[in-house]
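Listed below, chain by chain, are the residues.
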Amino acid sequence: MSAIIVVGAQWGDEGKGKVTDLIGQDVDYVVKFNGGNNAGHTVVVDGKKYALHLLPAGIINPKATPVIGNGVVIDLDVLFQEIDQMDAEGIDTSRLRISSNAHIIPSYNKIMDNLSERSLGDRLIGTTGRGIGPTYADKMNRIGIRIQDLFDESILRQKVKSALEQKNFTMEKEFGLEPVDVDQVADSLLQYADRIKPMVFDCSLEVNKALDEGKNVLFEAGQATMLDIDHGTYPFVTSSSPTAGGACTGSGVGPTRIDRVVGIAKAYVTRVGEGPFPTELLDQTGEDLRQAGGEFGVTTGRPRRCGWYDAVVARYASRVNGLTDIVLTKLDVLTGYKQIPVCVAYDVDGKRVDEMPADQTSFHHAKPIYEELPGWDEDITGCRRFEELPVNAQAYVRRLEELSGCRISVVGVGAGREASIERTTLL
Ligand code: GDP
Ligand code: IMO
Ligand code: MG
């Protein structure tokens with residue numbers, strides 16, 4: 001039996017989809033525990049590319065049961081569009097299971113997401129506009145709509161009505177919009193009730209049973225540590241808990257059952273949306289990294305902001321998640337640089353700071369202190385053993401390992417499932 005959590009160690013898009021797919025070959029369940037269709041995961045198998053948003057990336061694996069846990073927020077239109085798309089591509093989605101406690105993203109929360117960004121003006125977050133923040137806010141505010149409400153029509157209508165009392169006030173009085181009609185929203189949700197019913201289950205019960213039976217379970221995060229509502233660069237974060245603790249609350253599994261926590265980190269760093277990013281490169285080097293790494297969002301198509309590896313962020317992610325392993329992805333993208341700077345600490349208003357500052361103002365003032373590591377020119381995309389990497393690439397990985405507070409168990413050298421160098425097995 002093995003329970004393994006996969007989390008993002010930076011600001012997202014580290015390659016969690018690829019790694020989930022890679023480890024997922026040997027697991028029985030893949031449980032998505034947070035976020036929604038703000039995520040964009042790319043999986044490349046035998047040269048064919050799959051883009052997943054709401055469905056767990058583990059759905060590509062024909063053996064595993066894919067699960068959407070209670071910590072996820074679900075846009076029902078998107079769910080069924082993705083299911084239909086996967087079916088059309090020959091991926092079997094019939095094993096998908098969905099927690100009855102997961103929350104639904106009603107259409108009005110997509111409107112609220114965009115209105116909230118508008119009222120923030122130049123302090124906007126740069127959200128994906130998918131209604132994620134307002135839906136988690138409703139959950140905490142106890143006015144959310146859950147999957148199980150689809151099976152009790154009168155309760156559903158009452159809940160939509162009470163949620164809309166507040167939202168319609170904002171839409172009409174603050175923004176001069178037409179109010180949203182309660183029955184129209186309820187009807188649009190109810191149309192999915194029959195189709196979703198056979199997939200709905202008790203996530204906590206089933207996943208714990210699977211662990212009791214000695215099955216392997218992988219918990220798959222959306223987003224990342226630095227986007228975590230508690231531990232990220234608040235308020236420039238998402239509204240869920242993408243860190244390791246979120247896997248437990250987001251699926252109903254206790255922390256004593258978890259064996260390993262794997263953090264995915266790129267060999268450099270990217271960020272989408274607004275917020276502080278100490279190692280960001282605003283010059284041609286940043287543009288070169290963006291082109292070489294294909295750094296454009298899977299969900300919104302936005303160009304990703306790019307910068308050098310930040311070991312302070314990596315150490316922080318190791319601590320907050322209790323990482324047992326790091327998978328370092330996209331090492332191949334760094335080929336061709338004479339020197340590669342790595343951020344080892346920050347200069348905050350003239351003082352050296354080695355750990356993540358505990359307050360936001362200091363983090364906004366943080367300037368990277370770099371160590372320069374020698375680069376390599378050889379094409380590394382065909383390397384499958386660590387010793388096959390050029391010595392400078394090996395030294396780069398080893399130095400990152402020393403600086404990041406956790407061993408680097410796998411190194412990614414290409415987008416395909418096979419383009420991975422395993423130093424330590426993950427399962
Ligand atoms: P996720 O959101 O963490 O699942 O990551 P995304 O899928 O949004 O972005 C990661 C991108 O990098 C995808 O296009 C992957 O196919 C690609 N990728 C993952 N690992 C590697 C790697 O080791 N090398 C290269 N060149 N690309 C990779
Ligand atoms: P994956 O799973 C990168 C960012 C958005 C925005 C902030 C809040 O592919 O790594 P939200 O819509 O969640 O309220 O937006 O979080 N963001 C991501 N950035 N990768 C993601 O997912 C993200 N999901 C949300 O750009 O800055
Ligand atoms: Mg992504």
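Above this text you will find the structure in question.
For the structure given in this document, a descriptive report is provided here. Worth saying up front: this structure is predicted, and the values here are computed from it rather than measured. (Residues numbered from 1 in each chain as written. Chains lettered and ligands numbered in written order. Predicted model: local features only at pLDDT ≥ 70, side-chain atom pairs only at ≥ 80, totals over all residues. Heavy atoms only, no water.)

Focus on helix α8 (residues 203-212)
Cys203, Val207, Asn208, Ala210 and Leu211 are the residues of α8 that are buried. End-on, the buried residues of α8 take up no more than an arc of 155°, which puts them together on one face. If you follow the buried residues of α8, they end up packed against β1 (2-8), β2 (29-32), β5 (65-68), β7 (97-99), β9 (200-201) and β10 (216-220). Structurally, the start of α8 carries an N-cap: the backbone nitrogen of Ser204 is 3.4 Å from a side-chain oxygen of Asp202. (Buried < 20%, exposed > 50% of the residue type's maximum accessible area, 1.4 Å probe, protein only. Helix = DSSP H or I, 4+ residues; strand = E, 2+ residues; numbered from the N terminus. Arc of directions from axis to C-beta. Contact = heavy atoms within 4.5 Å. Polar contact = N/O pair within 3.5 Å; in protein donor to acceptor, adjacent residues only side chain to side chain.)

Quick look at the sheet that holds β7
Strand order in the open sheet formed by 10 strands is β9-β7-β5-β2-β10-β1-β11-β14-β18-β19, with mixed pairing between adjacent strands. Strands at the two margins of the open sheet, each flanked by one partner only, are β9 and β19 (420-422). Two strands pair when backbone bridges link them, and strand β14 (residues 325-329) and strand β18 (residues 408-412) are joined in this way by 3 bridges, in the parallel orientation. Its bridge partner lying in β18, Ile326 is registered against Ile408. Seen against the sheet, helix α1 (residues 16-24) touches β1, β2, β10, β11 (260-266), β14, β18 and β19 and runs at an angle of roughly 165° to β1. (Pairing = 2+ DSSP bridges. Axes fitted to C-alpha atoms, helices over the stretch in contact; angles between N-to-C directions.)

Some details on the site of ligand 2
Among the 20 residues in the neighbourhood of ligand 2, the closest are listed as Lys16, Asn38, Thr128, Gln223 and Thr238. One of the side-chain nitrogen or oxygen atoms of Lys16 is found 2.7 Å away from an oxygen atom of ligand 2. Here an oxygen atom of ligand 2 and a side-chain polar atom of Thr238 are 2.6 Å apart. Notes on ligand 2: free accessible area 550 Å², of which the protein chains cover 97%. Taken atom by atom, the bulk of ligand 2 overlaps the largest pocket. (Near = heavy atom within 4 Å. Areas by Shrake-Rupley, 256 points an atom, 1.4 Å probe, with all protein chains shown as cover. 1 Å grid on protein atoms, 1.4 Å probe; cavity = no way out; pocket = protein on both sides within 12 Å on 5 of 7 lines; lining within 4 Å. Sits in = over half its atoms within 2 Å of the grid points.)

Quick look at the sheet that holds strand β17 (residues 367-374)
Sheet architecture is open: 3 strands sit in the order β16-β15-β17, paired in antiparallel fashion. Both outer strands of the open sheet, β16 (351-353) and β17, are each paired with one neighbouring strand and no more. Strand-to-strand, the axes of this sheet are offset by a mean angle of 45°, without reference to chain direction. The pairing of strand β15 (residues 339-348) with β17 spans 8 bridges and is classified as antiparallel. Across the sheet, residue Ala345 finds its bridge partner in β17, namely Ile369.

Here we look at the pattern of salt bridges
A side chain of one charge can pair with a side chain of the opposite charge when the charged atoms of the two come close. Tallying each qualifying case throughout the model produces 29 salt bridges. Here Lys215 and Glu213 are joined by a salt bridge, their closest N and O atoms 3.0 Å apart. By relative accessible area, Lys215 is classed as partly exposed at 29%. A salt bridge links Glu280 to Arg305, with the nearest nitrogen and oxygen atoms 2.9 Å apart. Of the two residues, Glu280 sits in the loop between β12 (269-271) and α10 (284-293) while Arg305 sits in strand β13 (residues 305-307), which places them 25 residues apart along the sequence. (Salt bridge = Lys/Arg side-chain N within 4 Å of Asp/Glu carboxyl O.)

Description of the nonpolar core
As a rule of thumb, nonpolar side chains are buried together in soluble globular proteins. Ranked by size, the top nonpolar core spans 61 residues in total, and within it Phe219, Leu331, Leu334 and Tyr396 carry the most contacts. Take this core: its biggest share by element is 5 residues, from helix α13 (residues 391-404). In this structure Phe219 touches Ala3, Ile4, Ile5, Val6, Val31, Phe33, Val207, Ala247, Ser251, Val253 and Ile258, once residues within four positions along its chain are discounted. Counting 44 residues, the second-largest nonpolar core is a separate cluster that includes Ile74, Ile83, Met86 and Val180. (Core = buried A, V, L, I, M, F, W, Y, C linked by side-chain atoms within 4.5 Å.)

Regarding the layout of surface pockets
Empty space within the largest pocket amounts to approximately 720 Å³. Lining the largest pocket are 38 residues, and of these Ile125, Thr127, Thr128, Val237 and Thr238 sit closest to its centre. Those elements that provide at least two residues to the lining of the largest pocket are α3 (107-120) and α4 (132-140). With 4 residues, α3 is the largest single contributor of residues to the lining of the largest pocket. (Points joined across faces, edges and corners; volume = space filled by probe spheres on them.)

A few points about the coordination of the magnesium ion (ligand 3)
Those donors, Asp13 (OD) and Gly40 (O), are the protein atoms that reach the magnesium ion (ligand 3), and they lie 2.0 Å from it. Of the two residues, Asp13 is situated in the loop between β1 and α1 and Gly40 in the loop between β2 and β3 (41-45); the sequence distance between them amounts to 27 residues. Residue Asp13 is classed as partly exposed on the basis of its relative accessible area of 23%. Given the relative accessible area of 14%, Gly40 is considered buried. (Donors = N, O, S within 2.8 Å, 3.2 Å for Na, K, Ca; no water.)

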